[in-house]
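Spelled out from the first residue to the last, the chains are:
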Amino acid sequence: MKRLLFIAGTILASGMANATYFQAPEMADPKIENPDSTGFKFTDVKIIPTTSVKDQNKSGTCWAFSGISTLEDDLLRRGKGEHDLSEMFVVRNAYIDKAKKYIRTNGKINFAQGGSFEDVLEMTRRYGAMPEEAYAGLNYGEKKHAHYEMADALKSYLDAVMLNGQRTKKLTTAWLPGFIGILDAYLGPVPESFTYKGKTYTPQSFAKEIGIEPDNFEIFTSYTHHPFYERFALEIPDNWLWSQNMNVPLADLQAITDNALDKGYTVFWGADVSEGGFKWTKGYAVNPAEKEEKDMTDSELSRWVKLSDKDRANQRFEIKGPAKEKEVTQELRQKGFDNYETTDDHGMVIVGYATDQEGNKYYKVKNSWDTNQIYDGYFYVSVPYFLEKTMNIGVRKEAIPSSIAKKLK
């Protein structure tokens, strides 16, 4: 999704002008924290069955991993069996449709690796699905996904096609097959049919057979620059589909999430993970309140006023356990979005909720950054962090509280 950050602190630009994305730390021997050293003790209260943690590795495809996981969890919940679906089948189809739109709009949409939950739903509607074993998307000598070279090649190719078309007022008939040829080289050609558990399918027949239902999901957001209880196209670079999110008040956004979890549904979660309180290696994300000088002792205040703004900000995120967090309002949330403080970074899946040693509530989140981490690929998100830094959520329509559903237009 939007911004690229190695948690280890290295920021890389990979030739994508408008949209980048978060990715897992790239460490030869990653340090796994001891839970006792973080200052937090989490107790799971309710956890929804979910499929295994995957690894997007060096790719901006968190949206595909989290979206596919949400569909896999839905199949699991409905008794349709446990399936490992191909993320790269969705990514490939999204690239092709995105390329067509990029050319038609003279390059005025964002063409990058990022995407959204709606991309997964829409690609599944149009093209079906495949199991991972039939289409892993690793056709280029790598054991794990590594998309920098492919993404740069695709973008450069499209820009050359567009430039020539603008100059000659005509596109050649070879441009789309050429684009697909690059995808074939890296991800591999898509077979017309495949065998899974002893039966032969096409992508469309497979999606129908196992029971994927993309039309039975709704995506929600919460911002005041559009009317509540109506849909609008969320204004973020990676929304190349111009897909519609249902806009609800902040309290409803939390109520939908809580109701879904209480009823046994996992929740797609798009969020900003660029904040100082997001501590992936320590297994939590919190939203600490600003320090107030009036609450400091004379000695603390004397030291505080001598710190630079940067040092003060850093101290705010020196977290040693549960502490006072921000009181998040609709206005605060809107300001963060309008000022680029809250950005469309990363897609994950909320799989349950927990409490810390002081009884504060957290959402338990499944990530797609492998399992070499303190909680084996999961982490805990405080409610104030969720309220301020959520971009959108995706849930089964049946998981929407009836009192909210009847207000939706």
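Notes on the structure follow. By convention here, each chain's residues receive numbers from 1 onward along its written sequence. With the structure being a predicted model, the display of local features is reserved for residues of pLDDT at least 70 and the display and counting of side-chain atom pairs for 80 or more, all residues being used for whole-chain, interface and lining totals. In computing side-chain properties, one takes all heavy atoms of the structure into account and sets aside hydrogens as well as water.

**Some thoughts on helix α3 (residues 117-127)**
For step 1, the next point in the chain: For α3, the buried fraction is high: eight of the eleven residues fall into the buried class.
For step 2, the next point in the chain: To sort residues, take the accessible area from a 1.4 Å probe on protein chains only and compare it with the maximum for the residue type: under 20% means buried, over 50% means exposed, and anything in between is partly exposed. Helix and strand definitions here come from DSSP, where helices need a minimum of 4 consecutive H or I residues and strands a minimum of 2 consecutive E residues; each element is numbered from the N-terminal end. Within the sequence span of α3, burial applies to F117, E118, D119, V120, L121, E122, M123 and T124.
For step 3, the next point in the chain: Residues are treated as being in contact if the distance between any of their heavy atoms lies within 4.5 Å. Buried residues in α3 make contact with α1 (62-77), α2 (87-104), β6 (217-221), β9 (267-271) and β15 (390-396).
For step 4, the next point in the chain: Following α3 by one or two positions, G128 adopts a phi angle in the positive range, close to 85°.

**Comments concerning the packing of aromatic side chains**
For step 1, the next point in the chain: Pairs were defined over the aromatic rings of Phe, Tyr and Trp, the Trp ring being its six-membered one, requiring ring centres within 6.5 Å. Orientation was assigned from the angle between planes: stacked under 30 degrees, edge-to-face over 60, tilted for the rest. Within the structure shown, the criterion is met by 26 aromatic pairs.
For step 2, the next point in the chain: For the pair F194 and Y201, a centre-to-centre distance of 6.1 Å together with 35° between the ring planes defines the contact as tilted. With respect to burial, F194 and Y201 carry one shared label: buried.
For step 3, the next point in the chain: An angle of 75° between the planes, with centres 5.4 Å apart, marks the rings of Y201 and F206 as edge-to-face.
For step 4, the next point in the chain: Under the relative-accessibility criterion, Y201 is labelled buried at 9%.
For step 5, the next point in the chain: Judged by its relative accessible area of 0%, F206 falls in the buried class.

**Points about the pattern of salt bridges**
For step 1, the next point in the chain: Any Lys or Arg side-chain nitrogen found within 4 Å of a carboxyl oxygen on Asp or Glu counts as a salt bridge. According to the stated counting rule, one finds 25 salt bridges in the structure shown.
For step 2, the next point in the chain: Of the charged contacts in the structure, one is a salt bridge between K144 and D55, with a shortest N-O distance of 2.9 Å. Of this pair, K144 sits in the loop between α3 and α4 (148-168) while D55 sits in the loop between β3 (43-47) and α1; the two residues are 89 residues apart in sequence, bridging distant segments of the chain.
For step 3, the next point in the chain: Residue R126 is joined to E122 by a salt bridge in which the shortest nitrogen-to-oxygen separation is 2.7 Å. One end of the pair is R126 and the other is E122, both in helix α3 and four residues apart, which spans about a single turn.
For step 4, the next point in the chain: Under the relative-accessibility criterion, R126 is labelled partly exposed at 38%.

**A word on unusual backbone geometry**
For step 1, the next point in the chain: Here K197, not a glycine, exhibits a phi torsion of approximately 55°, which is positive.
For step 2, the next point in the chain: By the secondary structure assignment, K197 is in the loop between β4 (194-196) and β5 (199-201).
For step 3, the next point in the chain: We classify K197 as exposed; its relative accessible area is 64%.
For step 4, the next point in the chain: Even without a glycine there, the phi angle at Y340 is positive, about 65°.
For step 5, the next point in the chain: Within the secondary structure layout, Y340 lies in the loop between α10 (330-338) and β12 (346-355).
For step 6, the next point in the chain: Of the residues examined, Y340 reaches a relative accessible area of 65% and is grouped as exposed.

**Remarks on the environment of E325**
For step 1, the next point in the chain: By the secondary structure assignment, E325 is in the loop between α9 (309-316) and α10.
For step 2, the next point in the chain: Sequence separation between E325 and A289 is 36 residues; the distance between their C-alpha atoms is 4.4 Å.
For step 3, the next point in the chain: If we skip the residues at most four places from it in the chain, E325 touches V286, N287, P288, A289, Y362, S382, P384 and Y385.
For step 4, the next point in the chain: The definition of a polar contact used here is a pair of N or O atoms within 3.5 Å, where within protein one atom must be able to donate a hydrogen and the other to accept one, and adjacent residues in sequence count solely through side-chain atom pairs. In this structure the side chain of E325 is engaged in a polar contact, spanning 2.7 Å, whose partner is the backbone nitrogen of N287.
For step 5, the next point in the chain: A distance of 2.7 Å separates a polar atom in the side chain of E325 from a polar atom in the side chain of S382.

**Comments concerning the packing of α1 against α3**
For step 1, the next point in the chain: The N-to-C vectors of α1 and α3 enclose an angle of 65°; their axes lie 8 Å apart at closest approach. The interaxial crossing formed by α1 with α3 has right-handed handedness. Of the residues in α3, those in contact with W63, A64, G67, I68, T70 and L71 of α1 are F117, D119, V120, L121 and T124.
For step 2, the next point in the chain: Residue polarity follows a fixed list, in which Ala, Val, Leu, Ile, Met, Phe, Trp, Tyr, Cys and Pro are nonpolar, Asp, Glu, Lys and Arg are charged, and the others, Gly among them, are polar. For the contact of α1 with α3, the class distribution of residues is seven nonpolar, three polar and one charged. In this description, a line fitted to the C-alpha atoms serves as the axis of each element, helices being fitted only across the stretch in contact, and the angle between N-to-C directions of two axes falls anywhere from 0 to 180 degrees. Rotating anticlockwise by less than a right angle from the far helix to the near helix defines a left-handed crossing, while the corresponding clockwise rotation defines a right-handed one.

**Digging into the nonpolar core**
For step 1, the next point in the chain: As used here, the term nonpolar core means buried Ala, Val, Leu, Ile, Met, Phe, Trp, Tyr and Cys residues forming a set that is joined through side-chain atoms within 4.5 Å. Residues Y95 and F179 are the most contacted members of the largest nonpolar core, which totals 52 residues.
For step 2, the next point in the chain: Of all the elements in the fold, those that place two or more residues in this core are α1, α2, α3, α4, α5 (175-187), β4, α6 (203-210) and β6.
For step 3, the next point in the chain: In this structure, L253, Y265, I350 and Y353 belong to the second largest nonpolar core, which totals 36 residues.

**Brief notes about the pairing of β15**
For step 1, the next point in the chain: The element β15 is largely enclosed, with a buried count of seven among its seven residues.
For step 2, the next point in the chain: Direction of pairing for β6 relative to β15: antiparallel, over a ladder of four bridges. Looking at β15, one finds that E218 is bridged to V395. Pairing between strands requires that DSSP locate at least two bridges from one strand to the other.

**Details of the side chain of R92**
For step 1, the next point in the chain: Its place among the elements puts R92 in helix α2.
For step 2, the next point in the chain: The contact partners of R92, leaving out residues within four places of it in the chain, are Y135, I180, L183, D184, L187, G188, P189 and V190.

**Topic: the environment of V351**
For step 1, the next point in the chain: You can see V351 is positioned in strand β12.
For step 2, the next point in the chain: Through-space distance from the C-alpha of V351 to that of Y265 is 7.8 Å; in sequence the pair is 86 residues apart.
For step 3, the next point in the chain: Apart from the residues lying within four places of it in its own chain, the contact partners of V351 are K46, I47, I48, T50, L261, T266, K364, K366 and Y378.

**Overview of the side chain of N392**
For step 1, the next point in the chain: With respect to the helices, strands and loops of the structure, N392 is situated in strand β15.
For step 2, the next point in the chain: Side-chain polar atoms of N392 contact the side chain of N245, separated by 3.1 Å.

**Observations concerning α5**
For step 1, the next point in the chain: Multiply 1.5 Å by the residue count of a helix minus one, and that product is the helix's expected span. With 13 residues, α5 ought to run about 18 Å at 1.5 Å a step, and its terminal C-alpha atoms sit 18 Å apart, in line with that.
For step 2, the next point in the chain: Those residues of α5 that sit buried are W175, F179, I182, L183, Y186 and L187. One side of α5 carries all its buried residues, which in axial view fall inside an arc of 105°.
For step 3, the next point in the chain: Elements in contact with the buried residues of α5: α2 and α4.
For step 4, the next point in the chain: Count one or two residues on from α5 and you reach G188, which has phi positive near 100°. Here the arc refers to the directions that run from the helix axis out to each C-beta atom.

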